[in-house]
Structures are given as structure tokens and as C-alpha cells.
Amino acid sequence: MDSSIFLYALLLSTIFLTIEGFQETHCHAIKCSTDNSAPEIRFPFQESTRQNPCGFPGFELSCKENKTVIDFPNYGELGVKSIDYEIKKLDLVDFKNCVHEVFLNLDLSLTQFQYYYIVKNYTYLNCSAPMISSSFAEIPCLSGSGFHVYTVDPSSVVPDSCVTVKTVAIPFSFSPYLADNSFGLGLTWSLPEYQETQIQDFSIKNVINGDKFLKIVLCILAVTLLVSIKKNQSKKVNIEFQNRNLKEGLVCCKTQDNSQSSMEEGRI
């Protein structure tokens, strides 16, 4: 086996092992699927199964069936549609297709998240009879047989057939024209100043670590190439030396042959 082939194989193995170790010990961005639209999970977020801490507590995301999921302890799971790290925006999706159930029950005061949009107080009413006024739109996903749920301004007069469920600060009242599984489910996050500093330090550290890793790989490549070039040059010199010796030997033999022929002719 050619030693240069062995060196190249050793080099590739070293690089792959180094990359694998680098990825395991450093916090690189990951995705839950190969879809280009899948959000990147990176600092201050982290994938919940990581052994090394790569984010802040409360910023854990999970990968389930190729979907990115965030779990709120006081509510449950919501899908993560996108993350904009520049403007700190987290766009969520409700798997149950009932955004106003999320608005009603999600308590963000226990988290480091807030609604991205400006919020306003709305009152949820549970009515035993449908409201005749066209200014109120019933929330189908919260209503059922014999009860009808609405969001109204807190200053509205509550009809006798209705009871107040809760008044909450939410981005929008219900509208059948805006009823989907993600409208209004935009969150932002805020961190204490020392944690914001950690984010900057973490980004700088990752850049430095990435530069170090690249330098190591380049050094390995350079050394291997130099060794290979030197070996090839040495082989070339040896071959040239052998060829020269062979030529000199042939010339010498030819000269001796010519001399012997001349002597034989002289005797004749």
C-alpha cells in the first residue's frame, strides 16, 4: 500500500473525528427536519436532549415527528414555526387549531416570553344562548352544544345569559376572518443584562472556537501536503539518480564493447 495513500486516509479519519468531537462539545445550530423552512435551534435556545448546556433555562425546544416544539409547563406544547434571532421573535403554531384557547390559558408571566404584538384586555364570556348582536363573533373551537364563547371589551354589559370566564391581555379579539392556528401567536423574549452579555460572549466564543478548529484542520492539511511533496520529491530524486547511474553503466558497457571490437580488428 502506498504510504501517501495511508497518510491521506489517516488525515481524513482525523478530520472526521475532530469534526464529530467539535460538534458534540460545542453548541452548533440544529434543525428538527431537513426542510429549509424549519427553524434553527441555537443560543439562547437549546434542544432539550442535549447533554451539554447550550442555552438558558426555559428556552428548551424539542424535536417531535420532525417538528420543533416548545412546552409551556402551565399550558402544554405549541409548535415553533420560525425564530428570528435579530428581532427576538418566536412564531408559534397551535396544534389544536384554537388560538383563543391559547390566549385564554397561556400564562406568560411564569416565563421569560411576552407577546410580540401590543396586547389589550379582553373578557371571555360563556353564554347559554347565542348573542344576537352582530358585533360579537362566537369562537367555534371554544363553543359547543348549549354554550357559546365570545371575547368582548371589558367595559361591555354582560347579558344575563352569560358569565364571565376571564379577562386577559391578548393581542386580538376573535374574528372569523383571522381564525387560523397561528395568527397572533408571536412571542418575544427579554433577558437580564448579564444574560444578554452571556449571549454576546457565547457568540464571540463560538467564532473563536470555529477559527481555532479551522486553523487546526488547515495545519494538518499543510503538514500532510508538505510530507507528501517531500516524499514525492525524494522519490523523484532517487529515480533520477538510478536512471543516471543506469545510463552511465550503459555508456561504460558500450565503450568497453567498442574498445574490445577495435582490438580484435587490429589483430586481424
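Calculation notes
Residues numbered from 1 in each chain as written. Predicted model: local features only at pLDDT ≥ 70, side-chain atom pairs only at ≥ 80, totals over all residues. Heavy atoms only, no water. Helix = DSSP H or I, 4+ residues; strand = E, 2+ residues; numbered from the N terminus. Contact = heavy atoms within 4.5 Å. Areas by Shrake-Rupley, 256 points an atom, 1.4 Å probe, with all protein chains shown as cover. Patch = residues over 30% accessible without salt bridge, like charges linked within 9 Å, V, L, I, M, F, W, Y side chains within 5 Å. Salt bridge = Lys/Arg side-chain N within 4 Å of Asp/Glu carboxyl O. Buried < 20%, exposed > 50% of the residue type's maximum accessible area, 1.4 Å probe, protein only. Disulfide = S-S within 2.5 Å. Pairing = 2+ DSSP bridges. Axes fitted to C-alpha atoms, helices over the stretch in contact; angles between N-to-C directions. Polar contact = N/O pair within 3.5 Å; in protein donor to acceptor, adjacent residues only side chain to side chain. Core = buried A, V, L, I, M, F, W, Y, C linked by side-chain atoms within 4.5 Å.

A.B. asks: Can you walk me through the overall build of the protein in this structure?
C.D. replies: The secondary structure content of the protein amounts to 3 helices and 10 strands. For the protein, the sequential pattern of α-helices and β-strands runs α-β-β-β-β-β-α-β-β-β-β-β-α. Put simply, 63% of the contacts in the protein that link residues at least 6 apart link residues at least 24 apart. Split by element, the accessible area of the protein, about 17,300 Å² in all, is 57% carbon and sulfur.

A.B. asks: How do you make sense of a nonpolar patch on the surface when you look at a structure like this?
C.D. replies: On the surface, Ile87, Tyr116 and Tyr117 cluster together into a nonpolar patch covering about 260 Å² of accessible area. Note that isoleucine 87 resides in the loop between β4 (76-84) and β5 (89-93). You can call isoleucine 87 partly exposed: its relative accessible area is 43%.

A.B. asks: So what exactly am I meant to see when it comes to the state of the cysteines here?
C.D. replies: Here, disulfide denotes a covalent bond that connects the sulfur atoms of two cysteines. Applying the stated criterion across every chain, the model contains 3 disulfides. Bridging cysteine 32 to cysteine 63, the disulfide has an S-S length of 1.9 Å. With the S-S dihedral at roughly -75°, the linkage between cysteine 32 and cysteine 63 falls on the left-handed side. Note that cysteine 32 is positioned in the loop between α1 (3-25) and β1 (46-47) and cysteine 63 in strand β2 (residues 60-64), a separation of 31 residues in sequence. For cysteine 32, a relative accessible area of 9% gives the class buried. Shown here is the disulfide that connects cysteine 98 with cysteine 141, its sulfur atoms set 2.0 Å apart. Disulfide cysteine 98 to cysteine 141: torsion about the S-S bond roughly 65°, handedness right-handed. Placement of cysteine 98 in the loop between β5 and α2 (99-105) and of cysteine 141 in the loop between β7 (120-127) and β8 (148-152) is noted, with a sequence separation of 43 residues between them.

A.B. asks: What's the story with the sheet that holds strand β9 (residues 162-170) in this structure? I'm lost.
C.D. replies: The strands making up a sheet are joined through hydrogen bonds of the backbone, oriented either antiparallel or parallel. Strand order in the open sheet made by the 3 strands is β8-β7-β9, with antiparallel pairing throughout. A single partner strand is all that each edge strand has here, and the edge strands are β8 and β9. Ignoring strand direction, the axes of neighbouring strands in this sheet form an average angle of 25°. As paired elements, β7 and β9 share 8 bridges and run antiparallel to each other. The partner of lysine 120 across the bridge, within β9, is isoleucine 170.

A.B. asks: How should the environment of alanine 38 be read in this particular structure?
C.D. replies: Structurally, the position occupied by alanine 38 is in the loop between α1 and β1. Judged by its relative accessible area of 11%, alanine 38 falls in the buried class. Sequence-distant contacts of alanine 38, that is, excluding residues within four places in its chain, are made with Lys31 and Ser33.

A.B. asks: Even after reading the chapter, I still don't get the side chain of histidine 100, so can you show me in this structure?
C.D. replies: Structurally, the position occupied by histidine 100 is in helix α2. When its relative accessible area of 7% is taken as the criterion, histidine 100 is described as buried. Reaching out from histidine 100, the side chain makes a polar contact with the backbone nitrogen of phenylalanine 174 at a distance of 3.4 Å. Excluding anything up to four places from it in sequence, histidine 100 contacts Tyr124, Ile139, Leu142, Thr151, Ile170, Phe172, Ser173 and Phe174.

A.B. asks: What is the right way to look at the sheet that holds strand β3 (residues 67-72) in this model?
C.D. replies: Read from one edge of the open sheet, 7 strands run β1-β2-β3-β4-β5-β10-β6, paired in mixed fashion. Of all the strands in the sheet, the pair left with one neighbour each is β1 and β6 (113-115). Pairing of β5 with strand β10 (residues 186-189), which is carried by 3 bridges, proceeds in the antiparallel orientation. Residue pairing across strands places leucine 90 opposite leucine 187, the latter belonging to β10.

A.B. asks: Help me understand the nonpolar core in this model?
C.D. replies: The nonpolar side chains of a soluble globular protein tend to be buried with one another. Ranked by internal contacts, the top residues of the largest apolar core, which has 37 residues, are Phe45, Phe72, Leu90 and Phe113. At 4 residues, α2 tops the list of elements feeding residues into this core. What leucine 90 contacts, discounting residues up to four positions off in sequence, is Phe45, Ile70, Val80, Ser82, Ile83, Phe113, Leu185, Gly186, Leu187 and Trp189. Cys127, Met131, Tyr150 and Val152 belong to the second-largest nonpolar core, a separate cluster that totals 6 residues.

A.B. asks: I would appreciate a short explanation of unusual backbone geometry in the present structure.
C.D. replies: Of all residues except glycine, most have a negative phi; of all peptide bonds, most are trans. In this structure, proline 44 follows phenylalanine 43 across a cis peptide bond, with omega equal to 10°. Locating proline 44 in the fold gives a position in the loop between α1 and β1. Backbone geometry at glutamate 65 places phi at a positive 55°, although glycine is not the residue there. The residue lysine 88 is not glycine, and still its phi comes out positive at about 55°. Position of lysine 88 relative to the elements: it lies in the loop between β4 and β5.

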